[in-house]
Amino acid sequence: MSIVQAIVLGIVQGLTEFIPISSTAHLRIVPALLGWGDPGAAASAVIQIGTLFAVLLYFRTDLLKMAVEFFKGIIHRKPFENHYSRLAWYIGFATIPIGVVGLTFKDWIETTARSLWIISFALIALAIVLLIAEKMAAKRESLRVEDDITFADAMWIGVGQTLALIPGVSRSGSTITAGLFRGLSHAAAARFSFLMSVPAIFASGMFELLAEWDHLAALGWGSVIISVIAAFLSGWASIWFLIRYLQTHNTNAFIYYRIVLGLVIMAMLSTGWLV
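About the thresholds
As a convention, each chain's residues are numbered from 1 in the sequence order in which they are written. Only residues with pLDDT of 70 or above have their local features reported here, since the model is predicted, and side-chain atom pairs are shown and tallied only from 80 upward, although totals for entire chains, interfaces and linings are computed over all residues. Heavy atoms from the whole structure form the basis of all side-chain values; hydrogens and water molecules are not counted. By nonpolar core we mean a set of buried residues, namely Ala, Val, Leu, Ile, Met, Phe, Trp, Tyr and Cys, connected to one another through side-chain atoms within 4.5 Å. To sort residues, take the accessible area from a 1.4 Å probe on protein chains only and compare it with the maximum for the residue type: under 20% means buried, over 50% means exposed, and anything in between is partly exposed. A helix here means a DSSP run of H or I that spans at least four residues, while a strand means a run of E at least two residues long, and both kinds are numbered starting from the N terminus. Contacts are residue-level and defined by heavy atoms, with any inter-residue pair within 4.5 Å sufficient. Geometry of aromatic contacts follows a simple scheme: Phe, Tyr and Trp rings, the Trp one being its six-membered ring, pair when their centres are within 6.5 Å, and the pair is stacked under 30 degrees between planes, edge-to-face over 60, tilted otherwise.

K.L.:
So what exactly am I meant to see when it comes to the nonpolar core here?
P.N.:
Note on soluble globular proteins: their nonpolar side chains tend to be buried together. With 44 residues, the main nonpolar core has Phe-59, Met-66, Ile-91, Phe-192, Phe-194, Leu-195 and Ile-239 as its most contacted residues. Per-element accounting of this core gives the leading share, nine residues, to helix α10 (residues 186-211). Leave out the neighbours within four places in its chain, and Leu-195 touches Phe-59, Asp-62, Leu-63, Met-66, Leu-87 and Ile-91. Core analysis: the next-biggest nonpolar cluster, separate from the first, contains 11 residues, Leu-116, Met-268, Leu-269 and Leu-274 among them.

K.L.:
Help me out: how do you make sense of unusual backbone geometry in this one?
P.N.:
Excluding glycine, residues mostly have negative phi values, and the peptide bonds linking residues are mostly trans. For Arg-77, which is not glycine, the phi dihedral falls at a positive 60°. Assessed through its relative accessible area of 77%, Arg-77 is described here as exposed.

K.L.:
Looking at this structure, how should I read the packing of aromatic side chains?
P.N.:
A complete count under the given rule lists 13 aromatic pairs for this structure. Considering the side-chain rings of Phe-18 and Phe-194, the 5.3 Å spacing of their centres and the 85° angle between planes classify their relative orientation as edge-to-face. In this pair, Phe-18 sits in the loop between α1 (3-17) and α2 (23-33) while Phe-194 sits in helix α10, placing the two residues 176 residues apart along the sequence. The burial state of Phe-18 is the same as that of Phe-194; both residues are buried. Each ring, one from Phe-70 and one from Phe-71, has its centre 5.1 Å from the other, and the planes form 80°; the classification is edge-to-face. Among the aromatic residues, ring-to-ring pairing joins Phe-70, Phe-71, Phe-80, Trp-89, Tyr-90, Phe-93 and Phe-151 into one connected group.

K.L.:
Explain the environment of Met-66 to me, please; I cannot follow it from the model alone.
P.N.:
Here Met-66 is to be found in helix α4 (residues 60-75). Judged by its relative accessible area of 7%, Met-66 falls in the buried class. Residues Met-66 and Val-46, spaced 20 residues apart in sequence, show a C-alpha to C-alpha distance of 25 Å. Sequence-distant contacts of Met-66, defined by excluding residues within four places in its chain, comprise Tyr-84, Leu-87, Ala-88, Ile-91 and Leu-195.

Right, dumping it as structure tokens:
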């Protein structure tokens, strides 16, 4: 992996990890369009560590409060006493489904599921489901905020996160969609999605780093580190943008983008322009 490839892939990862258009899909599509080949699921997972640092920096105050209140709740035997302690427990439990499903279907996810045909179908399928969620949200008289999140909400969003194991679905897309179906506002669903990404990205990144050490070494550690840095910088910008955007907008722009991209990839595959 050259320095140019490392920078491009890092930027693509950072920009698309938190916007609901699927970072995995773009890390598969962009190299294919540029003739670079598939960097592999392991490289994608490790590059994601850059976006993990972006979340940790952006939400450092919230994450610190969650950690403090979590341990205070255990010490005082009142684990669900306030919003931040509840949030920490909710995120912990909501992360279990993706861990179980990810380990169970690991081989399929890293091989067959990276087919551009599957990715293009997934882009369109999630767009349709997200559109339905948007229509339902628009009909509600009021939407719930972050303080209103319940254990049931968290678990449904956690189940939604498992769909992101299919390249093209999008982790932020599936979790925000689940949040909208549960009656959360766009901003609340997005914030919970970002906070919930911490354990998922950390676990997948560390797992692939250890399991695919030789493969990553073959790509070049210098290039891998550059990709992580590029993902961190673009990931922070992506979070900053989406948090503000969803305060006054819905996700329709991303829905249309997903559909168009999916159809374009299908057309290119059908005509042989892309293989």
